[in-house]
Amino acid sequence: MTTTSESTEEQREDLPPGTTPYYARMHRYIKRAVLVCLVALVIEGAFTLPFMAVYYGYPTLSLTEICSELLKVRYSDDTLECKVPYPPLGPPEGAEGKDTAQDQWGIQPVPKYNRIGFRELVRLHDEREARQAAEQQGAPSP
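Fair warning: this is a prediction, and the values are worked out from it, not measured in the lab.

Section: the UniProt feature "transmembrane region" (unreviewed entry) in the chain
Mapped onto this structure's residue numbering, the UniProt feature "transmembrane region" (unreviewed entry) falls at residues 33–58. Measuring from the first to the last C-alpha atom of residues 33–58 gives 35 Å, for a span that is 92% helix and 0% strand.

Structure representation (structure tokens):
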């Protein structure tokens, strides 16, 4: 009888705090499942940015230009630019453009901008630069 009580005490010493021997195996499986999910999320996040950058036009536009174009489309303001590096005590991203957005703000905001297609930011960027160049030369914009 002493060997059984000794082995039970040894098992309890090996368990993390708050885990009873009855639930030890379940806790071990939950811990493994959570670890697998976290690793999968990190891998997914590592592959998401490069694919999104290519979708928006990365080889033609830099990441800063893509960010600026997304701000201009989202807030319907051609003067917004991404600040790199962002000031540590600056306003939240997009706070300065919120008053120019055409969205319906509320508990569940409804965006009023069009969905951005594959490499459409490149076309928008080129059109904006052509329009600005035409205005600087004094020609009427198309």
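A few points about helix α4 (residues 120–137)
With 18 residues, α4 should reach 26 Å at 1.5 Å per residue; the first-to-last C-alpha distance of 26 Å fits that figure. Taken residue by residue, α4 has Leu121, Val122, His125, Arg128 and Ala134 as its buried positions. In this structure, the buried side of α4 is in contact with α2 (24–56) and α3 (63–75). Just downstream of α4 lies glycine 138, where phi reads positive at about 90°.

A closer look at the side chain of lysine 72
Inspection of the secondary structure puts lysine 72 in helix α3. When its relative accessible area of 7% is taken as the criterion, lysine 72 is described as buried. If sequence neighbours within four positions are ignored, lysine 72 has contacts with Asp77, Asp78, Leu80, Glu81 and Arg128.

Observations regarding the packing of aromatic side chains
Ring pairs (aromatic) are described by centroid distance and by the angle formed between their planes. Going through the model one piece at a time under the given rule, you end up with 3 aromatic pairs. Both rings, one in tyrosine 22 and one in tyrosine 23, keep their centres 4.9 Å apart while their planes meet at 90°; by these two values the pair is edge-to-face. You can call tyrosine 23 partly exposed: its relative accessible area is 40%. Judged by centre distance (5.5 Å) and plane angle (70°), the ring pair of tyrosine 55 and tyrosine 56 falls under edge-to-face. Ring pairing ties together the aromatic residues Tyr55, Tyr56 and Phe118, which thus form one cluster.

Some remarks on the packing of α3 against α4
α4 packs onto α3 with a crossing angle of 80° between their chain directions and a minimal axis gap of 10 Å. One finds that α3 runs roughly perpendicular with respect to α4. Contact residues: Glu65, Ile66, Glu69, Leu70, Lys72 and Val73 in α3; Leu121, Leu124, His125 and Arg128 in α4. Of the residues assigned to the contact of α3 with α4, the class counts are 5 nonpolar, 1 polar and 4 charged.

Some remarks on the state of the cysteines
Applying the stated criterion to the full structure yields 1 disulfide. Between the sulfur atoms of cysteine 67 and its disulfide mate cysteine 82 the distance is 1.7 Å. Around the S-S axis, the bridge from cysteine 67 to cysteine 82 shows a dihedral of about -80° and counts as left-handed. On the criterion of sequence distance, the pair formed by cysteine 67 in helix α3 and cysteine 82 in the loop between α3 and α4 is long-range, its members being 15 residues apart. Taking the relative accessible area as the measure of exposure, cysteine 82 reaches 15% and is therefore buried.

Cut-off values and rules
- Residues numbered from 1 in each chain as written.
- Predicted model: local features only at pLDDT ≥ 70, side-chain atom pairs only at ≥ 80, totals over all residues.
- Heavy atoms only, no water.
- UniProt positions renumbered as here; feature names shortened; annotations may be inferred.
- Helix = DSSP H or I, 4+ residues; strand = E, 2+ residues; numbered from the N terminus.
- Expected span 1.5 Å × (residues − 1).
- Buried < 20%, exposed > 50% of the residue type's maximum accessible area, 1.4 Å probe, protein only.
- Contact = heavy atoms within 4.5 Å.
- Phe/Tyr/Trp six-rings, centres within 6.5 Å; stacked < 30°, edge-to-face > 60°.
- Axes fitted to C-alpha atoms, helices over the stretch in contact; angles between N-to-C directions.
- Parallel < 35°, antiparallel > 145°, perpendicular 65-115°, else oblique.
- Nonpolar A, V, L, I, M, F, W, Y, C, P; charged D, E, K, R; others polar.
- Disulfide = S-S within 2.5 Å.

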